[in-house]
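Observations on the model geometry
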Amino acid sequence: MSKTPNSKMPEYSGKDVDLRRPPTSQPSAAPPAFYDRGVEWRTFLWNPKTKEFLGRNAQSWGKITAFYVVFYAFLAGYFAFMMTVLYHTLEDDRPKYTSHGGQSILKAPGLGMRPDYRPSDLYHLMEYDPNNEDSYVEYVNSINNLLAGYDGSSDNIPDCKTKLNIPCGFDVTSLRNSQSTWDATTWGYSAASPVVILKLNKVFDWVPKPYNANADALPEGLRNYINETMDVTAQPQMVWVWCETKEEGVSFTYTPYAGFPVYYYPFVNQQGFLSPLVAVHIKDLPAETEVRVSCEAYAKNVKEETLLFTWKVKQDPH
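What counts and what doesn't
- Residues numbered from 1 in each chain as written.
- Predicted model: local features only at pLDDT ≥ 70, side-chain atom pairs only at ≥ 80, totals over all residues.
- Heavy atoms only, no water.
- Helix = DSSP H or I, 4+ residues; strand = E, 2+ residues; numbered from the N terminus.
- Contact = heavy atoms within 4.5 Å.
- Buried < 20%, exposed > 50% of the residue type's maximum accessible area, 1.4 Å probe, protein only.
- Polar contact = N/O pair within 3.5 Å; in protein donor to acceptor, adjacent residues only side chain to side chain.
- Disulfide = S-S within 2.5 Å.
- Expected span 1.5 Å × (residues − 1).
- Arc of directions from axis to C-beta.
- Core = buried A, V, L, I, M, F, W, Y, C linked by side-chain atoms within 4.5 Å.
- Patch = residues over 30% accessible without salt bridge, like charges linked within 9 Å, V, L, I, M, F, W, Y side chains within 5 Å.
- Areas by Shrake-Rupley, 256 points an atom, 1.4 Å probe, with all protein chains shown as cover.
- Salt bridge = Lys/Arg side-chain N within 4 Å of Asp/Glu carboxyl O.
- Pairing = 2+ DSSP bridges.
- Axes fitted to C-alpha atoms, helices over the stretch in contact; angles between N-to-C directions.
- Phe/Tyr/Trp six-rings, centres within 6.5 Å; stacked < 30°, edge-to-face > 60°.
- Lys NZ or Arg CZ within 6 Å of the ring centre and 35° of its normal.

1. Some words on the side chain of K312
Structurally, K312 is set in strand 11 (residues 302-313). Excluding residues that lie within four positions of it along the chain, K312 makes contacts with L125, M126, E127, Y128, E288, T289 and E290.

Given below as C-alpha cells:
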C-alpha cells in the first residue's frame, strides 16, 4: 500500500488520554441569589391550588379524624369496662384478700413504736442528752401526737369485751396516770429512763391466738414478770410483749399490761377503731453507752415479730 505524499501523521501531544473517563461536564448553574422560604411554608400551611391544609385535603383530614375518634373512643370504652369489672370485685369496707382467708401476704401484724426514728438516727440509734431539751423534744412530741388521737376515745363507746365487731375505746389515762414513775411532761427523757409506746399495726380480720401465761414458748423473764405483777385469772388473754437487752442494770416496766388484750381484735374497719398501746419504761440507761434493745410480740400466729432499736444517753444526768 502506497502512502500519499501529502498525508501527515497526527502530532503526539505527550499526554495519555484515559478513554474510560467520561468527559468533564460543565458545572450546574448557581441557585438564585434569593430564595423565599416563607413562600414554601405558606404553601405548606395552605395550598390554594390543591386546596390542601398541612399537606392534606379535606377528604384526607376527614378520614384520619374519623379513625382517631373511633380508635380513642374504643380505648376509653375498654378502659372503663375493665375498671368497672375490677371495682365490682372489690368491697368498700374490706380488702379483697385478708389474712383470715389465707390469701394475703400479710399474715400477722408488725410491731410499731413511738417515738419515730429521726432521719439522722443511724441504724435506729436514738440518742439524746437529758440536760438538753432540744435533743429529745422530737421524741416527746412524737408520743404526744400519737396519744392525741386517743383522747376521749373511750367516751360513749360500748364494752367491746363481750361484743364482736365494735370498736374498743382505749383509755389513755392508764398511761398518763402511770407517769408518777417518770417525768409527767417529758416521758422520762429528762432523765436516763425514757418511755416508748408499742402498738400492733392493723391487719384486717386478723384474730390473735394467744399463749397461756405459763406457756413454754414465752421467755422465762416474761413468765416471771406476769406472775409477779399480774393476776392472770383476772386479766384478759394477751398478745404478750417482752423487751430485753444485754446491758446490765437496765430494766423494763409495762403499762397498762405487758401485752395487747385480744378483745380489741379483729380489726374489721370498725369506725373509731384504735389499736391498744403498751408503754414500756426503760430504766437506768448508762451514760455514753449504746444500749441495744429488742422487743418482741408473742402469739401462736405471730412469728418472730421483733423490734430492734438502740439508745444512747450522751452524758450522765446525775
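2. Points about the side chain of N47
You can see N47 is positioned in strand 1 (residues 46-47). Assessed through its relative accessible area of 17%, N47 is described here as buried. In this structure the side chain of N47 is engaged in a polar contact, spanning 3.0 Å, whose partner is the backbone nitrogen of K49.

3. Observations regarding the state of the cysteines
The tally for this structure, following the rule as stated, stands at one disulfide. The partner cysteine of C243 in its disulfide is C295, sulfur to sulfur 2.0 Å. Taking the sign of the S-S torsion, about 110 degrees here, the bridge from C243 to C295 comes out right-handed. Here C243, found in strand 6 (residues 238-245), pairs with C295, found in strand 10 (residues 290-299); they are 52 residues apart in sequence, far enough to count as distant.

4. Some remarks on helix 3 (residues 137-148)
The first and last C-alpha atoms of helix 3 sit 16 Å apart over twelve residues, in line with the 16 Å expected at 1.5 Å per residue. When we look at burial in helix 3, the residues that qualify are Y139, V140, S142, I143, L146 and L147. Looking straight down helix 3, one finds that the buried residues subtend no more than 155 degrees of arc, so they occupy a single side.

5. Examining the nonpolar core
Core analysis: the largest hydrophobic core is formed by 66 residues, its most contacted members being Y189, L198 and W311. When residues no more than four places from it in sequence are discounted, the contact partners of W311 are L125, M126, Y128, Y189, P194, V196, I282, L285, T289, E290, V291 and V293.

6. Examining a nonpolar patch on the surface
Side chains of F67, Y68, F71, Y72, F74, L75, Y78, F81, M82 and V85 sit close together on the surface and give an oily, nonpolar patch of about 1100 Å² of accessible area. Relative to the assigned elements, L75 resides in helix 2 (residues 58-88).

7. Concerning the sheet that holds strand 3 (residues 111-114)
What the four strands build is an open sheet, ordered 3-5-9-7; its pairing is antiparallel. Strand pairing shows two members of the sheet lacking a second neighbour, strand 3 and strand 7 (251-255), which therefore form its edges. For this sheet, the mean inter-axis angle between neighbouring strands, taken without regard to orientation, is 30 degrees. Here four bridges tie strand 3 to strand 5 (residues 195-200), and the two strands are oriented antiparallel to one another. When the bridges of strand 5 are listed, M113 appears paired with L198.

8. Observations concerning unusual backbone geometry
Geometrically, the link from R114 to P115 is a cis peptide bond, its omega value of 10 degrees lying close to zero. In this fold, P115 is placed in the loop between strand 3 and strand 4 (125-128). Note the cis peptide between T255 and P256, where omega equals -5 degrees. Note that P256 resides in the loop between strand 7 and strand 8 (259-261). One non-glycine residue, K51, lies in positive phi territory at about 60 degrees. Relative to the assigned elements, K51 resides in the loop between strand 1 and strand 2 (52-53). For D284, which is not glycine, the phi torsion reads 60 degrees and is therefore positive. Tracing the chain through its elements places D284 in the loop between strand 9 (277-283) and strand 10.

9. Some words on the packing of aromatic side chains
Considering all chains together, one arrives at 21 aromatic pairs under this definition. Taken together, a centroid distance of 5.1 Å and an interplanar angle of 80 degrees make the contact between F67 and Y68 edge-to-face. Classification of Y68 as partly exposed rests on a relative accessible area of 39%. Aromatic side chains Y225 and Y254 sit 5.1 Å apart centroid to centroid with 80 degrees between the ring planes, which places their arrangement in the edge-to-face category. One end of the pair, Y225, is in helix 5 (residues 220-229); the other, Y254, is in strand 7, and 29 residues separate them in sequence. With a relative accessible area of 15%, Y225 lands in the buried category. Following the ring pairs from residue to residue traces out a cluster consisting of Y128, Y136, Y139, Y189, F309 and W311. Across from the ring centre of W61, 5.8 Å away, lies the NZ or CZ of R56, which sits over that ring.

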